[in-house]
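Observations on chain architecture
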Amino acid sequence: MNIILLHRDLRVNDNPALFHGTSSDNALVVYVYDKSYWQGNGKSDIQFKFAMDCLSEVSDRLRKKNIPLHIFEGNYENLKIWIEMNFSESTVFMNHFTDIGYYKKSTDKFKRFYADLKRLKIYENFGIQTKNFNRDAWSSDWQQIMTKPILSEIETSSPMVFKNIELNTFENFFSKLTLIKQITESQVGGETRAFELLNTFLKERANGYALKMSSPVEAEFACSRLSAHIAFGSISLRTVYQSLIEAIPNSFFKKDLYSFKKRLHWHCHFIQKLETEPELEFSSMHPMCDRLRSEGDNEIIEKWIKGETGFPFLDACMQFLKKKGWINFRMRAMIMSFASYNLWQPWQKTSPLLAQLFVDYEPGIHICQVQMQSGVTGINLPRIYSVNKQSRDQDPEASWIKSQIPQLNNFSANSIHNAELAETYKEIICDPKASAKKARETVWSMRADKNFKRIAREVYLKHGSRLRR
Ligand SMILES: Cc1cc2nc3c(=O)[nH]c(=O)nc-3n(C[C@H](O)[C@H](O)[C@H](O)COP(=O)(O)OP(=O)(O)OC[C@H]3O[C@@H](n4cnc5c(N)ncnc54)[C@H](O)[C@@H]3O)c2cc1C
């Protein structure tokens, strides 16, 4: 018996564990639903809903191949006990994931158990070094993984009926999920949607991508919107990469596609950091930076995450993000920079709250980007975004802001950009210039410490991109 475990690889195409595991007729495909995982750092219902969209399509596609999809409800320790009770000679097939510490801890133990028994087949996912970590060889390793042939379709197996295994079918499990069915505005998951997005992006939407990606108004359509699909594996990164390489020679917007290509490298570059140093989930990359900010102020954090800061552009971004479960890179960076510099709140408290709002939450990217935008990596120059400047640059007429906050319809663009709205809108949460100045001075005085550079060098050797050098 081959037991194939799905986690965030919710696709049928180019899925190594599924491909190799179903090469025998005795294959049991299982999605592990662990409630505690879904309550973990940054996880949320909108992400779970996206995962279930993807799984629905996996279930349909597998059914056509005579392979039922089952759900195991419990953690990996419970799963191990269940496997040993029912299929004590089975082999476990799974793909590797870099995820939150909760997942790592529980699967590391599980994997050790099956590896010792020589009953584990584990496959790589993304372009991450999971063994023989070597930053200098990283780029060539990535290239090698991305250019490997895409796996062909999985075989149809002879119909199998599993009796008395006490596992729910996906259909049964899904029919009981009432809460997430009320989530309607965020992105929909599944392999079909992922391929549609990839094709429309490469053929049309990427035209002007490099410029349009900075604007929250244009980015919604001009960016690929593949992030959630990549995070939940409804398309493999290799498929995205190889389709891109094929599209570039005949494209009229090659520059835009090269810009996109760079980001596919960044995807894995960031996840690699968390893979190499899982402690980054809670500790700053540069350890001295954990001394910068103290406990945090829950009231301030609540106003920030609810989009009640009194700065219309920032509040509009939050309203948009809460509705769509997505916003573009520039605005994510600004939102985070505002929390860490202007409001001076510890990233460990703000990071999970922001992550919960993203459908595409990818812990390796999110946590490392949060640290970067908070000035705690030691290897990136701190950048403090001015919310008022971004407001002016990205939405000069303030029409997008007004579409998110209709209450501001009668105000001039100028008063909206300057957050000067008399008593009619929320009071501003901080003085933007004074708070930025204070933050800049504090961060740079720490960076002047004689030990800072020495430690930063160590951080660079472990995590820094060699391309930049
Ligand atoms: C504070 C903060 C948190 C973030 N959290 C996440 C997250 O949880 N998940 C996530 O996928 N991205 C995250 N990003 C990066 C980026 O904002 C998103 O990848 C991007 O906006 C997703 O939209 P898209 O798929 O249309 O991107 P595109 O512009 O079309 O990019 C294509 C793909 O490249 C990757 N990518 C793009 N930009 C980056 C980047 N700067 N770093 C690493 N990979 C990148 C993503 O996989 C993305 O899907 C974060 C950025 C910041 C500043």
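Structure's up top.
Residues numbered from 1 in each chain as written. Predicted model: local features only at pLDDT ≥ 70, side-chain atom pairs only at ≥ 80, totals over all residues.

Some thoughts on the overall build of the protein
Check the secondary structure of the protein and you find 23 helices and 6 strands. Taken over the C-alpha trace, the protein has a radius of gyration of 23 Å; the compact-globule value for 469 residues is 23 Å, and the two agree within 12%. Overall, the protein is about 70 × 50 × 50 Å in size when its C-alpha atoms are taken along their principal axes. Expressed as a percentage of the 469 residues in the protein, the buried residues total 44%. Restricting the contact set of the protein to residue pairs at least 6 apart, pairs at least 24 apart contribute 82%. (Helix = DSSP H or I, 4+ residues; strand = E, 2+ residues; numbered from the N terminus. Rg over C-alpha atoms; globule rule 2.2 N^0.38 Å. Buried ≥ 20, exposed ≤ 12 C-beta atoms within 10 Å, placed from the backbone. Contact = placed C-beta atoms within 7 Å.)

What about the environment of K273?
Within the element layout of this structure, K273 appears in helix 13 (residues 254-276). Considered as a pair, K273 and N410 are 137 residues apart in the sequence and their alpha carbons are 47 Å apart. Here K273 is in contact with L280, G364, C368 and H463, once residues within four sequence places are set aside.

Details of the site of the ligand
In the neighbourhood of the ligand, 28 residues make up the surrounding shell, with C223, S224, S227, R263 and H366 lying closest. When contributions to the shell around the ligand are tallied by element, the ones reaching two or more residues are helix 11 (227-231), helix 13, helix 16 (329-342) and helix 18 (363-373). The element contributing the most residues to the shell around the ligand is helix 13, with 6 residues. Counted by class, the shell around the ligand contains 16 nonpolar, 7 polar and 5 charged residues. When we break the shell around the ligand down by domain, the ones giving at least three residues each are domain 2 (191-274) and domain 3 (280-463). (Near = placed C-beta within 6 Å. Nonpolar A, V, L, I, M, F, W, Y, C, P; charged D, E, K, R; others polar. Domains from an automatic or database assignment.)

A look at helix 16
Spanning 14 residues, helix 16 covers 19 Å between terminal C-alpha atoms, matching the ideal 20 Å at 1.5 Å per step. Taking burial as the measure, the 14 residues of helix 16 include 11 buried ones, the bulk of the element. Looking one or two residues past helix 16, W344 carries a phi angle of roughly 55°, positive in sign. (Expected span 1.5 Å × (residues − 1).)

That's the geometry; what it means functionally is another story.
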